[in-house]
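# Reading the structure
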Amino acid sequence: MVENNEALVVVNKALQLENEMDINKRNYDETLGEKYPDIQPPPVKRMVQRMENPPIEHGMKFSFGLWLGVTAVFGLIIAISKLYSVFAVLLMIWWIGYPIFYNVKKSSVIERTRNSAEYQAACANIDNQFQMQLQYADYEWKEQMAYYNSVIVPEYNSQKALWESDYQDRLHMVRMSYDESVAKLEQHYSETRIIPQKYHNIQALEYIYTILNTSQYSLKEAIDDYERYIQQQLELQKLEAQRAANELAYQQAELTAEQNDIMEKTRRDQNIANIVSAVQRHNTNKKLNQLNSR
């Protein structure tokens, strides 16, 4: 049997080496996950939107007063004249024709204005301004791209190359530290051979070390105590899972009971409504029969 003091030294050294290996492993993983930032995206050409053509002012206004007034006059004439059919046709022509005349006249004015030299010159001026803005946006973008390719990209590549060199050195160092800690830990376990492989982890070693350091337990007794602790934790987990399952089942049962109560109340209300309806029909039929018998 391994004495308490000897086991305490071995377990303490194993715990220290496990913690050292864990720290080195996390450092290596973090370093391995490092990534140099991406280069900033290249400049994007500025969007230019053409101004809309100037609005065409046709200067015309639909006269509802005239349209309705003439319509009213025709209606009055139709009412008092013997030639109502002729005036009815004239009314129909006026009712439909005036809006058509207005739209045709308006379209004619708009088209004439659109084809006028003054309006065409205004549109041409907008086109020229738009082309100048496009050319300037293109020039501006080319200047930005030239700076991007001649300054930003080379500087980024230079900084990235320096970072890559330093990164590889750091990655090599942390990997060496991790490998060395693994080798020392394996050597310790191989030379001592008193801690079963099942307990080669920080949680188990911390518990076993605490037991050895605070009692006169042997290593086997400390391991047995740890096994009882693990079993107790499993039992607690099972109890907690069962408690949660019971709570869920209770909630579901309450919900089902509540739904059943609602359905039962609905059925009762429907039965009452059916009875009331039947009584009302009976009373109605009774009154009708009394009226018919008189």
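One structure accompanies this document, and this report is about it. Everything numeric in this text was worked out from a predicted model, so none of it was measured. The numbering scheme is per chain: residues are counted from 1 as the chain's sequence reads. Residue-level local features of this predicted model are given only where pLDDT is at least 70; pairs of side-chain atoms are given and counted only at 80 or more, and the full residue set underlies all totals for whole chains, interfaces and linings. Hydrogens and waters are ignored; side-chain quantities use all the structure's heavy atoms.

## Digging into the side chain of aspartate 225
Labels follow the DSSP assignment, with helices taken as runs of H or I lasting at least four residues and strands as runs of E lasting at least two, numbered in each case from the N terminus. Assignment of secondary structure puts aspartate 225 in helix 6 (residues 219-293). We call two residues contacting when some pair of their heavy atoms lies within 4.5 Å. Beyond its immediate chain neighbours, meaning those up to four positions away, aspartate 225 contacts Tyr207, Ile211 and Tyr217.

## Concerning the side chain of asparagine 4
Along the chain, the position of asparagine 4 falls in helix 1 (residues 4-32). Among the residues examined, asparagine 4 registers a relative accessible area of 10% and is labelled buried. From its side chain, asparagine 4 meets the backbone oxygen of leucine 212 in a polar contact 3.3 Å long. Beyond its immediate chain neighbours, meaning those up to four positions away, asparagine 4 contacts Leu212, Ser215, Gln216 and Tyr217. Think of it in three bands: with a 1.4 Å probe and only protein chains considered, a residue is buried below 20% of the maximum accessible area for its type, exposed above 50%, and partly exposed in between. Under the rule applied, a polar contact is a pair of N or O atoms within 3.5 Å (in protein, one hydrogen donor and one hydrogen acceptor; residues adjacent in sequence only if both atoms are side-chain atoms).

## Some words on the packing of helix 1 against helix 4 (residues 117-192)
An axis is simply a line fitted to the C-alpha atoms; with a helix, the fit covers only the stretch in contact. Between two such axes, the angle follows the N-to-C directions and lies from 0 to 180 degrees. Where helix 1 contacts helix 4, the two axes come as close as 9 Å, and the packing angle between them is 155°. When the axes of helix 1 and helix 4 are compared, the pair comes out roughly antiparallel. When you trace helix 1 past helix 4, the crossing you get is left-handed. Classifying every residue of the contact of helix 1 with helix 4 by side-chain character gives 13 nonpolar, six polar and seven charged. Small angles under 35 degrees read as roughly parallel and large ones over 145 as roughly antiparallel, with 65 to 115 read as roughly perpendicular and the rest as oblique. Left-handed describes a crossing in which the near helix is turned anticlockwise from the far one by less than a right angle; the clockwise case is right-handed. Nonpolar residues are Ala, Val, Leu, Ile, Met, Phe, Trp, Tyr, Cys and Pro. Charged residues are Asp, Glu, Lys and Arg, and all others, Gly as well, are polar.

## Re the pattern of salt bridges
A pair is scored as a salt bridge if a Lys or Arg side-chain nitrogen falls within 4 Å of a carboxyl oxygen belonging to Asp or Glu. Taken as a whole and assessed by the stated rule, the structure comprises 16 salt bridges. Lysine 184 is the partner of glutamate 20 in a salt bridge, and the nearest nitrogen-oxygen pair spans 3.0 Å. Taken as a pair, glutamate 20 in helix 1 and lysine 184 in helix 4 lie far apart in primary sequence, 164 residues in all. The exposure class assigned to glutamate 20 is partly exposed, which follows from its relative accessible area of 29%. Residue lysine 184 is classed as partly exposed on the basis of its relative accessible area, which comes to 39%. One salt bridge connects arginine 228 with aspartate 225, and the closest N-O pair in it is separated by 3.3 Å. Of this pair, arginine 228 and aspartate 225 both sit in helix 6, separated by three residues, roughly a single helical turn. Relative accessible area serves as the criterion here: at 45%, arginine 228 is assigned to the partly exposed category. Here aspartate 225 falls in the buried class, since its relative accessible area comes to 15%.

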